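# Fold and geometry: a report
Chain by chain, the residues:
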Amino acid sequence: RLMCCLTYEYDTYVHLKKGMPKMGKQVQTASGRGKVIRQNAICNRLTVRLEDGVEIETGVDQLKQLMKPSKGKN
């Protein structure tokens, strides 16, 4: 039964996870920089392990963008 239900829910989870950083991605939070270790797509929240080892839960909308360095284009 569970697999049957998941078939219907799969597209919803894919849609909800589109705006979320992937597992293992480095992110900047209000508490510092860390790595995404868990996603909660339904609640739009992430668990992040900070560089000091502390794990925090935060909303995706509360993340700060990490800028990739530009390749010298003017």
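See the structure printed just above.
First, a word on scope: everything that follows refers to the structure included in this document. These figures come from a predicted structure and were not determined experimentally.

## Observations regarding the nonpolar core
Formed by Met20, Val27, Val36, Ala41, Leu46, Val48, Leu50, Ile56, Val60 and Leu63, the largest nonpolar core amounts to 10 residues. With three residues, strand β3 (residues 45-50) is the largest single contributor of residues to this core. Residues within four places of Met20 in sequence aside, it is in contact with Gln39, Asn40, Ala41, Asn44, Arg45, Leu46 and Val60.

## Considerations on the side chain of Thr58
Mapped onto the elements, Thr58 comes out in strand β4 (residues 55-59). Only 3.1 Å separates the side chain of Thr58 from the side chain of Gln62, close enough to count as a polar contact. What Thr58 contacts, discounting residues up to four positions off in sequence, is Thr29, Arg45, Leu46, Val48 and Leu63.

## Digging into the sheet that holds β4
Strand pairing in a sheet relies on backbone hydrogen bonds. The paired strands run either parallel or antiparallel. The strand order across the open sheet built from four strands is β1-β2-β3-β4, with neighbouring strands paired in antiparallel fashion. Each of the sheet's edge strands pairs with one partner strand only, and the pair in question is β1 (26-29) and β4. Neighbour-to-neighbour, the strand axes of the sheet open up by a mean angle of 50 degrees, direction not taken into account. Looking at chain direction, β3 and β4 are connected through five bridges and run antiparallel. What sits directly across from Arg49, in β4, is Glu55.

## Some details on the pairing of β3
With six bridges joining them, strand β2 (residues 32-40) and β3 adopt antiparallel strand pairing. In the strand pairing of β3, Asn40 is matched with Arg45. Counting the residues between successive antiparallel strands, the hairpin from β2 to β3 contains four residues, one of them, Asn44, with a positive phi of roughly 55 degrees. In textbook terms, the turn of a hairpin is the stretch between consecutive antiparallel strands, and for β3 and β4 this stretch comprises four residues, one of which, Gly53, has a positive phi near 95 degrees.

## Remarks on unusual backbone geometry
At Asn44, a residue that is not glycine, the phi angle is positive and equals roughly 55 degrees. Along the chain, the position of Asn44 falls in the loop between β2 and β3.

## A closer look at the side chain of Thr29
Note that Thr29 resides in strand β1. Residue classification places Thr29 among the buried positions, given a relative accessible area of 2%. Here Ser31 takes part through its backbone nitrogen, which lies 3.1 Å from a polar atom of the side chain of Thr29. A distance of 2.7 Å separates a polar side-chain atom of Thr29 from the backbone oxygen of Gly32.

Procedures and definitions
- Residues numbered from 1 in each chain as written.
- Predicted model: local features only at pLDDT ≥ 70, side-chain atom pairs only at ≥ 80, totals over all residues.
- Heavy atoms only, no water.
- Core = buried A, V, L, I, M, F, W, Y, C linked by side-chain atoms within 4.5 Å.
- Buried < 20%, exposed > 50% of the residue type's maximum accessible area, 1.4 Å probe, protein only.
- Helix = DSSP H or I, 4+ residues; strand = E, 2+ residues; numbered from the N terminus.
- Contact = heavy atoms within 4.5 Å.
- Polar contact = N/O pair within 3.5 Å; in protein donor to acceptor, adjacent residues only side chain to side chain.
- Pairing = 2+ DSSP bridges.
- Axes fitted to C-alpha atoms, helices over the stretch in contact; angles between N-to-C directions.

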